[in-house]
Amino acid sequence: MALIVQKFGGSSVSDAASIRRVAQRIVDAHKAGNKVVVVVSAMGDTTDDLIDLATEVASKPSAREMDILLTAGERISMALLAMAVTDLGVPAFAFTGQQAGLRTDASYGAASIVGVVPERIARTVYNGGVAIIAGFQGVNEYNDVTTLGRGGSDTTAVAFAAALNADVCEIYSDVDGVFTADPRICKAAHKTDVLTYEETLEMAAHGSKILHLRAVEYARRYGVPLHVRSSFSDKEGTWIVDEVTRDGWEGKNEAPVISGLSHDRSQAKITVVGVPNKPGAASQLFSVVAAANANIDMIVQNQPVNMDGIASISFTLGIGDVERTVEALEANKEKLGFDEVRTDMKVGILSLVGAGMRSHPGVSAQLFEALAVAGINIEMITTSEIRISVVVDEAELDEAVRVVHTAFGLDAEGEAIVYGGTGR
């Protein structure tokens, strides 16, 4: 007997037939002798539809009211799923995030979890029922509903798995696990059997959509084993564990050099031209950027030939941060002493991730050669111990993923299967 937390994404509960299929999977797990807790996302595109509706009735909807609105999607799916499970002969009970005991801070739209008190959930499953929790939502100290940000249902599931000391947290989507690249653009991608938390964090932070970054961080912190799999098949998925467990995995003798590729189209590039080449100039510039609440990924400074010259500084950031960051820089142009700000909204970021990089030199050279042969120019480069990321033209990003995937010998013989099409 095990305590299992199962999370189902929007593509898994997109319509009545899908909900019934998921309900049968839950019932099968329960009848196998497991205690089952379920976290569910909103059906299909419900959240996007609610956002569109809000913008039709208000020019600037308040963050508090948006959180109340957006939690409706998960409440619908949790209630329907509880009905479906009960109809199959297993008592199931739906709980909002507030009822389930998920406590957050007061950051509407992007709240952080401050505590989980799962008394009602534990009581439900130990009395023989299935607890179904609305993902993505909690309650703050003012008793207001809050949301955890897009993809927050993953974090909800991991948080309850940690609080309940679950044996595993199963993350269900419309693909069979974590692939070596996005199977929607790289048909030769194949499923990875096991990854470390560290590798998965790097992939999630740099464009991989299969798992929410905060969920992986939470799982690593509390040692929650994750099993990423498809709700459309019974195949074994991808296990995400600590490095010690991964190294002892059956059939795993050594970490591959590259575990996978991720790509990101949500970034833009800003170049500040004519920055004075003197101590403190970069510090002043990025203090202005920080005050604009922009999250920076890559930074490159073009150093002048002589110390009396001027430099250009380029950095990448989320597309949604560009407008206010440029406004902040322009407002401080005289103080910072630069010439102009240039923006490029059409960039793509390709990242290679693999713990094997630590002990295998030459990965960078192999990456650059593959891109050069394909005629793809590299605009920026950044690295970590187990990751190399490059910025390329967005129009060339898909081809970059494919040629690099091939260059590192990651291609599978057959084509990857995507059951639903959304990746969640």
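Before reading further, recall that the structure is shown in the block above.
Residues numbered from 1 in each chain as written. Predicted model: local features only at pLDDT ≥ 70, side-chain atom pairs only at ≥ 80, totals over all residues. Heavy atoms only, no water.

(A) Structural context of the environment of Lys333. Examined against the element boundaries, Lys333 turns out to sit in helix H12 (residues 333-336). Each residue touching Lys333, except ones within four places of it in the same chain, is listed here: Phe338 and Asp339. (Helix = DSSP H or I, 4+ residues; strand = E, 2+ residues; numbered from the N terminus. Contact = heavy atoms within 4.5 Å.)

(B) Focus on the nonpolar core. Of all hydrophobic cores here, the largest spans 67 residues; its most connected members are Ile121, Cys169, Leu261, Leu350, Leu352, Leu367 and Val404. Residues within four places of Val404 in sequence aside, it is in contact with Leu261, Leu350, Leu352, Leu367, Ala370 and Leu371. The next biggest cluster of nonpolar side chains, apart from the first, holds 23 residues, and it includes Ile19, Ala29, Val38 and Tyr172. (Core = buried A, V, L, I, M, F, W, Y, C linked by side-chain atoms within 4.5 Å. Buried < 20%, exposed > 50% of the residue type's maximum accessible area, 1.4 Å probe, protein only.)

(C) Spotlight on unusual backbone geometry. The backbone of Asn165 shows a phi angle near 55°, a positive value even though the residue is not glycine. A relative accessible area of 66% means that Asn165 is categorised as exposed. Although it is not a glycine, Asn293 adopts a positive phi angle of roughly 60°.

(D) Structural context of the sheet that holds strand E9 (residues 168-173). The strand order across the open sheet built from eight strands is E3-E6-E2-E1-E9-E11-E12-E10, with neighbouring strands paired in mixed fashion. Unpaired on one side and paired on the other, strand E3 (92-95) and strand E10 (194-196) mark the two borders of the sheet. Across the sheet, the mean angle from the axis of one strand to that of its neighbour is 20°, orientation sign disregarded. Looking at chain direction, strand E1 (residues 3-8) and strand E2 (residues 35-40) are connected through six bridges and run parallel. (Pairing = 2+ DSSP bridges. Axes fitted to C-alpha atoms, helices over the stretch in contact; angles between N-to-C directions.)

(E) Expanded view of a nonpolar patch on the surface. On the surface, a cluster of nonpolar side chains totalling about 280 Å² of accessible area is made up of Ile76, Leu80 and Met83. Counting through the fold element by element, Ile76 comes out in helix H3 (residues 63-87). Of the residues examined, Ile76 reaches a relative accessible area of 44% and is grouped as partly exposed. (Patch = residues over 30% accessible without salt bridge, like charges linked within 9 Å, V, L, I, M, F, W, Y side chains within 5 Å. Areas by Shrake-Rupley, 256 points an atom, 1.4 Å probe, with all protein chains shown as cover. Salt bridge = Lys/Arg side-chain N within 4 Å of Asp/Glu carboxyl O.)

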